Amino acid sequence: INLGGIKSWYNGYNIGKFILYNPWSILNCLKQKGKLGPYWLNTSDNKIIKNLISKSKPAIKDALTYLLQGEIINEPIKENLVFQNLDKSEESIWALLVYSGYLNIISTDRKDWQLIAQLIVPNKEVQIIYDEIVSSWFGDALSLSEYNKFINSLIGGDLETFEQILSDYIKVSS
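Residues numbered from 1 in each chain as written. Predicted model: local features only at pLDDT ≥ 70, side-chain atom pairs only at ≥ 80, totals over all residues. Heavy atoms only, no water.

A.B. asks: Honestly, the overall build of the protein chain in this entry has me stumped. Any pointers?
C.D. replies: Helix and strand counts for the protein chain stand at eight helices and five strands. Over its C-alpha trace the protein chain gives a radius of gyration of 17 Å, about what one expects of a compact globule, namely 16 Å for 174 residues. Each of the three principal axes of the protein chain carries a C-alpha extent, and together these read 45 × 45 × 30 Å. The 174 residues of the protein chain split such that 40% are buried. Long-range contacts, defined as pairs at least 24 residues apart, comprise 56% of the intrachain contacts of the protein chain with a sequence gap of at least 6. Charge-centre separation for the protein chain: the mean point of 17 positive side chains lies 9 Å from the mean point of 19 negative side chains. (Helix = DSSP H or I, 4+ residues; strand = E, 2+ residues; numbered from the N terminus. Rg over C-alpha atoms; globule rule 2.2 N^0.38 Å. Buried < 20%, exposed > 50% of the residue type's maximum accessible area, 1.4 Å probe, protein only. Contact = heavy atoms within 4.5 Å. Lys, Arg positive; Asp, Glu negative; His and termini not counted. Charge placed at Lys NZ, Arg CZ, Asp CG, Glu CD.)

A.B. asks: Help me understand the pattern of salt bridges, please; the structure alone is not making it clear to me.
C.D. replies: Oppositely charged side chains can form a pair if their charged atoms are brought close together. This model, assessed by the stated rule, comprises one salt bridge. Across the pair Glu79 and Arg110 runs a salt bridge whose closest N-O atoms are separated by 2.9 Å. One end of the pair, Glu79, is in the loop between strand E3 (73–77) and helix H5 (90–99); the other, Arg110, is in strand E4 (residues 104–111), with 31 residues separating them in the sequence. For Arg110, a relative accessible area of 44% translates into the label partly exposed. (Salt bridge = Lys/Arg side-chain N within 4 Å of Asp/Glu carboxyl O.)

Keep in mind that these numbers describe shape and distance, not what the molecule does.
This is the structure we're talking about:
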């Protein structure tokens, strides 16, 4: 069994001083004789997450691009999450992503009344979900090879190529 692979695919959840792995995925990986794969991804429909992110303000989408590059972002988190208000504030969206395991909190700081959290994508398994969300933004407007070039430029930090493809896409979609 590839322990490094298991760590990169299923690790990344911190609860206080404890580091947790996704137990569902670990069990399924063991059941499949160590084959790494997005087991948690297939346990439920990510429709709410996809809709919230797709309909979110540009600031959230911009922050998501940093997350996809493996960056850490700082965002305010609502401590009391009300599902009816999910689409009304950025803080609620970030909180939902944290509380449902799509993001991990590295550290927190309180600024006045807001809880500001350092956030990161926890592992490769969750990264796949974000990749699917971003690909759905582009639909049929980009060819598969152009989309792959777009994603690789984002992940590789080639911002010039990323901006050019995004700019071309915006021109075509407008």
